[in-house]
Amino acid sequence: DAMVIQNPRYQVTQFGKPVTLSCSQTLNHNVMYWYQQKSSQAPKLLFHYYDKDFNNEADTPDNFQSRRPNTSFCFLDIRSPGLGDAAMYLCATSRDRSRPSSYEQYFGPGTRLTVT
Amino acid sequence: SQQGEEDPQALSIQEGENATMNCSYKTSINNLQWYRQNSGRGLVHLILIRSNEREKHSGRLRVTLDTSKKSSSLLITASRAADTASYFCATEGGGTSYGKLTFGQGTILTVHP
């Protein structure tokens, strides 16, 4: 009965080799988020989708892109991973975002990315 | 700019004791949320307190919010070894920040059996 699923849980990629992380949800939530969390640091929002509306954070590097083909799935693409991109990548969902809805976010277990 | 600062960075207590973690933030908020993260895992939502609320309880958790001081505290009563985890506060702002959370650095709680 997992609600936010991330695959794979662990991903190893080579420096500069494109990699895609996936997230799916069974909650039918409008909003999906991608966070980057480096070791012993706070999760940092990269971008989010409100339905099909993509919202990029101002300081998210161009190297990071995202796709949301339907309500259930969202992908994080790293075009040319660098050593500094090694981190835990967390996907989250929430019910709404268009007004002060005060909804919590539901997180997946994360994908730990290693760059060699 | 970072919104939340948490204090202490690490807390070590014995089972049965209470644990208090504090969070401060810089700008106005719509709500403040607390999350828990077990080592190497995703975050789990614990409790949400709105900007017009001062205190909220959920089981062994008690959260307070002081918007005049821009601070919040999380109290875990009668702690258990299973409470060992990292605890993060996260703030949701207003306007274009609706639905976007800014996390603090977290407090690492260790509860010894």
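Described in the following lines is the structure provided in the data block. (Residues numbered from 1 in each chain as written. Chains lettered and ligands numbered in written order. Predicted model: local features only at pLDDT ≥ 70, side-chain atom pairs only at ≥ 80, totals over all residues. Heavy atoms only, no water.)

### Observations concerning the overall build of chain A
To be explicit about the condition: Here a strand is any run of E in DSSP of at least two residues, a helix any run of H or I of at least four, and the numbering for each starts at the N terminus. Within these notes, the globule rule equals 2.2 Å times the number of residues to the 0.38 power, and the radius of gyration is based on C-alpha atoms. Exposure is judged per residue with a 1.4 Å probe applied to protein chains only, and the accessible area is read against the type maximum: over 50% gives exposed, under 20% gives buried, and values in between give partly exposed. Residue contacts are counted whenever heavy atoms from the two residues lie within 4.5 Å of one another. Accessible surface area values rest on a Shrake-Rupley calculation with a 1.4 Å probe, where residue burial reflects the displayed protein chains alone. For the purpose of charge, His is not counted, nor are the chain termini; Lys and Arg are scored as positive and Asp and Glu as negative. By convention, the point assigned to a charge is CZ for Arg, NZ for Lys, CD for Glu and CG for Asp.
From N to C terminus, chain A includes 0 helices and 11 strands. When the elements of chain A are put in sequence order from the N terminus, they spell out β-β-β-β-β-β-β-β-β-β-β. The C-alpha radius of gyration of chain A comes to 14 Å, within 12% of the 13 Å expected for a compact globule of 116 residues. C-alpha atoms of chain A, sized along the principal axes, occupy 40 × 35 × 30 Å. Looking at the 116 residues of chain A, the share that counts as buried comes to 52%. When contacts within chain A are restricted to residue pairs at least 6 apart in sequence, those whose partners lie at least 24 apart make up 57%. Counting every atom, chain A has about 5500 Å² of accessible surface; 48% of that belongs to carbon and sulfur. Averaging the positions of the 12 positive and the 10 negative side-chain charges in chain A gives two centres separated by 4 Å.

### Regarding the pairing of strand S3 (residues 19-24) of chain B
Residue and element names in this part refer to chain B. Condition: At least two bridges found by DSSP between two strands are what make those strands a pair.
Of the two faces of S3, the one lined by Ala19, Met21 and Cys23 is fully buried and the one lined by Thr20, Asn22 and Ser24 carries no buried residue. Of the pairings in the sheet, the one linking strand S1 (residues 5-7) to S3 comprises 3 bridges and is antiparallel in character. In the sheet register, Asp7 faces S3, and the bridge partner there is Asn22. Relative to strand S8 (residues 71-76), S3 is paired through 6 bridges, and the arrangement is antiparallel. Of the residues in S8, the one forming a bridge with Ser24 is Ser71.

### A closer look at the side chain of Arg36 of chain B
Residues and elements named next belong to chain B. Within the element layout of this structure, Arg36 appears in strand S4 (residues 31-37). A relative accessible area of 17% means that Arg36 is categorised as buried. Every residue in contact with Arg36, bar those within four places of it in the chain, is listed here: Gly42, Leu43, Val44, Leu46, Ala82, Asp83, Thr84, Ala85, Ser86 and Tyr87.

### Details of the interface of chain B and chain A
For the record, the criterion: Computed with a 1.4 Å rolling probe, the buried area is the accessible surface lost when two parts are put together, summed over both parts. Throughout this description, the term salt bridge denotes a Lys or Arg side-chain nitrogen within 4 Å of a carboxyl oxygen of Asp or Glu.
Counting residues at the interface gives 21 residues for chain B, matched by 26 residues for chain A. The contact between chain B and chain A buries some 1800 Å² in all, and 53% of this surface belongs to carbon and sulfur atoms. Summed over the shared surface of chain B and chain A, the result is 1 salt bridge. For Lys100 of chain B, the salt bridge identified is with Glu57 of chain A, shortest N-O distance 2.9 Å.

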